[in-house]
Amino acid sequence: IIHNASERGLARRDSQSVYNQISIDEKSFQEGHHYVTVLSSPDDGIVLDIAEHRTKEATKNLLTNLLSDEQRDHVKTVSLDMWKAYNSAVDEVFPKAKKVHDRFHLIKYLNEAIDKVRRREIKRNEILVNSRYAMLKNTCNLTQKQYFKFEDVLRANTEVSLVWRLKECFKNLFGCEDYHEAFRRYSDWKDFVKWEAIPELTKVADMFSNHITGVCNALVESASNAMAERLNGKIQIIKTIGRGYRTFQNFRSAILFFLGGLDLYPHKTQ
């Protein structure tokens with residue numbers, strides 16, 4: 001029933017709908033690195049469609065089969081992470097669109113660098129014991145105990161405290177006036193990172209530099225995968241309630257049924 005309703009709803013979707021911004025994100029489907037690619041409309045808060053796998057071919061087919069030539073011409077911004085397959089597909093299908101690397105993922109990479117440095121330093125500095133959440137949570141969300149631990153780590157002048165400060169400096173780059181300002185301020189930040197020469201953070205900065213256009217666009221544009229992440233959370237609920245899905249088709253139909261914003265019900269015949 002869900003499958004038939006979803007297909008009926010997709011057939012009724014207006015092929016003339018304009019999507020100025022789209023988001024591309026991944027979601028785990030089954031164990032063993034089996035993912036699906038989720039295409040969504042942040043403005044409408046809906047899932048447009050899902051492709052099995054996260055390869056360039058799967059992503060490209062999803063984009064070209066779902067959107068007409070005219071619809072693709074209207075796409076101004078594509079928010080996505082740095083997965084190579086997604087970037088290659090977007091470059092080919094939307095050569096004129098602006099790629100914006102999602103700020104959530106940018107900060108996630110920096111947080112991962114913080115935790116890697118923390119785990120390296122904990123072997124020789126007891127102050128870092130039980131400090132993981134204190135260093136990774138937003139300071140406004142810390143418990144009193146976590147805040148005291150956070151203050152202790154900063155006062156200890158560890159490498160992890162320096163990486164945390166550089167992450168906060170990067171967060172302050174968001175909201176630049178234009179691309180040129182974003183590039184200049186990012187370059188200054190990158191110089192500080194290179195000068196400090198902390199390998200875990202340098203690796204992240206090098207990755208950012210390899211995707212400089214999308215990163216600088218993220219420092220200017222308000223577009224992000226925030227809505228896509230919320231939809232991903234709802235997809236996880238669907239997956240949990242369904243106790244997993246053995247076939248991709250059933251998983252896709254369930255997602256579109258609940259999150260596709262589709263006209264699902266049969267129309268009365270005259």
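Residues numbered from 1 in each chain as written. Predicted model: local features only at pLDDT ≥ 70, side-chain atom pairs only at ≥ 80, totals over all residues. Heavy atoms only, no water.

Among the structural elements, Lys190 can be located in helix α9 (residues 179-196). The residues contacting Lys190, other than those within four sequence positions of it, are Ala205, Asp206 and Ser209. (Helix = DSSP H or I, 4+ residues; strand = E, 2+ residues; numbered from the N terminus. Contact = heavy atoms within 4.5 Å.)

In the Ramachandran plot, His53 falls in the positive-phi region, its phi being about 80° despite a non-glycine side chain. On the secondary structure map, His53 appears in the loop between β3 (46-52) and α2 (56-66). In this structure, Asn157 takes a positive phi of about 55° despite not being glycine. Residue position: Asn157 is located in the loop between α7 (144-155) and α8 (159-171).

Let's shift gears to the packing of aromatic side chains. The geometry of an aromatic ring pair is captured by two quantities: the separation of the ring centres and the angle between the planes. Overall, the coordinates contain 11 aromatic pairs when judged by the stated rule. Judged by centre distance (6.4 Å) and plane angle (80°), the ring pair of Phe29 and Phe248 falls under edge-to-face. Of this pair, Phe29 sits in strand β1 (residues 21-30) while Phe248 sits in helix α13 (residues 248-259), and the two are 219 residues apart along the sequence. Here Phe29 and Phe248 have matching classes, each one buried. Judged by centre distance (4.9 Å) and plane angle (75°), the rings of Phe257 and Phe258 are edge-to-face. Through a chain of ring-to-ring contacts, three or more aromatic side chains come together here, namely Phe170, Phe174, Tyr186, Trp189 and Phe208. The ring of Tyr35 carries the charged tip of Arg54 above its face, separated from the ring centre by 4.0 Å. Directly above the ring of Tyr133 sits Arg132, whose terminal nitrogen or CZ lies 5.5 Å from the centroid. (Phe/Tyr/Trp six-rings, centres within 6.5 Å; stacked < 30°, edge-to-face > 60°. Buried < 20%, exposed > 50% of the residue type's maximum accessible area, 1.4 Å probe, protein only. Lys NZ or Arg CZ within 6 Å of the ring centre and 35° of its normal.)

On to the environment of Thr64. Residue placement: Thr64 occurs in helix α2. On the basis of relative accessible area, Thr64 is assigned to the partly exposed category, the value being 30%. Ignoring any residue separated from it by four or fewer positions in sequence, one finds Thr64 in contact with Arg72 and Val93. From its side chain, Thr64 meets the backbone oxygen of Lys60 in a polar contact 2.8 Å long. Reaching out from Thr64, the side chain makes a polar contact with the backbone oxygen of Asn61 at a distance of 3.4 Å. (Polar contact = N/O pair within 3.5 Å; in protein donor to acceptor, adjacent residues only side chain to side chain.)

Time to look at the pairing of β1. Across the 10 residues of β1, 7 count as buried, placing the element largely inside the fold. With 3 bridges joining them, β1 and strand β4 (residues 77-80) adopt parallel strand pairing. Bridged to Ile22 within β4 is Val78. Of the strand pairs in this sheet, β1 and strand β2 (residues 34-41) are connected by 7 bridges, and their pairing is antiparallel. Its bridge partner lying in β2, Ser23 is registered against Ser40. (Pairing = 2+ DSSP bridges.)

Everything listed is a geometric property; what it means functionally is a separate question.
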